[in-house]
Amino acid sequence: MIANGLIVERIPGVREDEQILHLRGALTLNNLFDFQTAVRSETHKIQILDFSEVSYVDSAGVGSLIGGFIAAQKAGRRMILAGLNERVRALLKMTNVANLFPTYETLSQAEAALV
């Protein structure tokens, strides 16, 4: 799915109950509704958001991550972040959002932690 500069690609995980959303572009106000739809429509128990190709996240993007986290919690699912660049990592840390998510340097590290 392409959403105003953000591409969201669904990739099966190594486990049956795992889904990877590979994101490319920037997560901003311009595409947060499409991002939220992709995240909230997920039914797998474990959802890994692969940020390895996300260049930028604005405050609306941070808010959409929080909304996705709340939706996942209510549904009994886990949301994991992987591949954050330094700029995005610093933003999530500064806003205390990083504390909500297990975060891994790479997608392969995130998947290995689940096995």
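Owing to the predicted nature of the structure, the values given are computational and were not obtained by experimental measurement. By convention here, each chain's residues receive numbers from 1 onward along its written sequence. Under the rules for a predicted model, residues below a pLDDT of 70 receive no local features and side-chain atom pairs below 80 are neither given nor counted, while totals for whole chains, interfaces and linings still include all residues. Values reported for side chains reflect all heavy atoms of the structure, with hydrogen atoms and water molecules removed beforehand.

Caption draft 1: Seen up close, the pattern of salt bridges. Any Lys or Arg side-chain nitrogen found within 4 Å of a carboxyl oxygen on Asp or Glu counts as a salt bridge. Evaluation of the coordinates by the stated rule reveals 4 salt bridges. With a closest N to O distance of 2.5 Å, glutamate 42 and arginine 10 form a salt bridge. Of this pair, glutamate 42 sits in the loop between helix 1 (32-40) and strand 4 (46-57) while arginine 10 sits in strand 2 (residues 6-12), and the two are 32 residues apart along the sequence. We call a residue buried when its accessible area falls under 20% of the maximum for its residue type, exposed when it is over 50%, and partly exposed in between, using a 1.4 Å probe and counting protein chains only. For glutamate 42, a relative accessible area of 4% puts it in the buried group. Strands here are runs of E lasting at least two residues and helices are runs of H or I lasting at least four, both read from the DSSP assignment and numbered beginning at the N terminus.

Caption draft 2: Layout of the environment of leucine 29. With respect to the helices and strands, the residue leucine 29 is situated in the loop between strand 3 (18-27) and helix 1. On the accessibility criterion, leucine 29 (56% relative accessible area) is exposed. Once the C-alpha coordinates of leucine 29 and valine 62 are considered, the two residues, 33 residues apart in sequence, prove to be 9.7 Å apart. Pairs of residues are marked as contacts when any of their non-hydrogen atoms sit within 4.5 Å. Leaving out residues up to four positions away in the same chain, leucine 29 has contacts with Asp58 and Ala60.

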